[in-house]
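Structural description and commentary
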Amino acid sequence: MSARILVVDDIETNRRLLEARLTAEYFDVLMAPDGPTCLDLARSEKPDVILLDIMMPGMDGFETCRRLKSDPESRHIPVVMVTALDERTDRIRGLEAGADEFLTKPVDDVALFARVRSLLRLTSVMDELRQRESNGVEMLPYEPANGDGRVVVAAADQAAAHRIARALPASLDAHGYGDPRIAISQARHADLVIVDLSSPRFDGLRLCARIRSDVETRQVPLLGVVDEMDKRTMVRALDLGVNDVISRPLDPGELSARSATQLKRKRYADALRDRLDESLEMSVRDALTGLFNRRYTVSRLRQALDGLRTNHEPVTTALIDIDHFKRINDTWGHNAGDQVLKEICARLSEQLRAIDIAGRYGGEEFLVVFSNTTARDACDAMERARLAVCATPVTLRETGDIINVTMSVGVAEAFLEDSVEALIERADTALYEAKRSGRNRVIEAKRKAA
Ligand SMILES: [Mg+2]
């Protein structure tokens, strides 16, 4: 199902321009010429994201945003403010009004789609939570939280991390780390993690991917620090599941406003989650690897195939098998086997986008669902994952033993009329072919059924 975007701008040309670009990306677009119409449509149409112009006659963007965020019917809808100038004071006023994101006019396509995708992911998580909560429980207020919260800052070295931590308000309990391993272990107890993505001496994106793929840190909000001009890193960060980015040179006011937004969201999500039956989460997850379980993954594949039939968006699936896994279990025991599975899943997750669904399909078999992706792109992703898996052996925690691990992958793109079973079977045939021809490789299924 395509997402609905509400575009609010007083100038018709601007609305039409955004409409054309969003429609080309298969978004469903609604439009409003002023604040009051925006408030009405937000209530009646429930869009997934609102793109809101700041400068409008009558009710301006700040006031419109403030009203959206104070109405229980619309406060959960992410708002992207569109500013004519890259004015930091405007950004801070916007964040104080409750805006979730900013874009600068003229709106750049790459930045626009990355922001919208990242907000949609947030919306779907929140929707899922609210859905589960809706069984007779009253909606929680989206209240601004009190200032305190534990913040972990990761940067190339201790001094750089401290500089960022010191720019945060004193009410936050902020700590800087120059060692990514320590940063990850601290992230487990954090309310917010800030990662410097602007240093060539430090692979911040990799750290972000790790944090997103670890079961214990998957939910923690991530704020990336990027160079103002480095759009590529910004887009990659958002695609990896980083919640927000802030550009250098760092403005302490903007940093504290963006941090406050993330902390507020985290509290809201935590409070919702606390009320929920934990078993619901467990019912879609595989306990060992943190990936989705088989039932959930297959149901998402079924949904993706529906999408193929309605929107003609390509769907590709990959079936992965760890080579000679039985040998690992037999030689080092089941605990070692479990550790290898966890490590391989973490490496695999790092190579996937947040929208890809990866699940444990069997003992040492994994299924990945790539929505809106051709076999060629899925093969590239799987080839990167294969290299990431075989490049570094797994070191066993207890004995220090080193195990070389490889994996074989079968990739199949869906036909229009494919059933889930037929598609997985073609991926399985390709996987068998990968095994037969020597393992440690990615093989694409034949395009046409025989
Ligand atoms: Mg305007």
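Residues numbered from 1 in each chain as written. Predicted model: local features only at pLDDT ≥ 70, side-chain atom pairs only at ≥ 80, totals over all residues. Heavy atoms only, no water.

Once that is clear, we can look at the sheet that holds strand S9 (residues 222–227). Spatial ordering of the open sheet is given by S7-S6-S8-S9-S10, a layout of five strands whose pairing is parallel. Looking at the sheet topology across the chains shown, the edges are occupied by strand S7 (173–177) and strand S10 (244–248). When strand polarity is set aside, the average angle formed by the axes of neighbouring strands in this sheet is 20°. Note that strand S8 (residues 192–196) and S9 share four bridges and pair parallel. Directly across from Ile-194, in S9, lies its bridge partner Leu-223. Contacts from helix H6 (residues 158–166) reach strand S6 (150–154), S7, S8, S9 and S10 within the one sheet, and its direction differs from that of S7 by about 160°. This element, helix H7 (residues 180–187), spans S6, S7 and S8 of the sheet and lies at about 160° to S6. (Pairing = 2+ DSSP bridges. Helix = DSSP H or I, 4+ residues; strand = E, 2+ residues; numbered from the N terminus. Axes fitted to C-alpha atoms, helices over the stretch in contact; angles between N-to-C directions. Contact = heavy atoms within 4.5 Å.)

For S6, a buried count of four out of five residues is recorded, marking the element as mostly surrounded by other parts of the structure. Bridging between S6 and S7 involves five bridges; their strand directions are parallel. Looking at S7, one finds that Val-151 is bridged to Ala-174. Relative to S8, S6 is paired through four bridges, and the arrangement is parallel. Opposite Val-152, over in S8, you have Val-193 as the bridge partner. (Buried < 20%, exposed > 50% of the residue type's maximum accessible area, 1.4 Å probe, protein only.)

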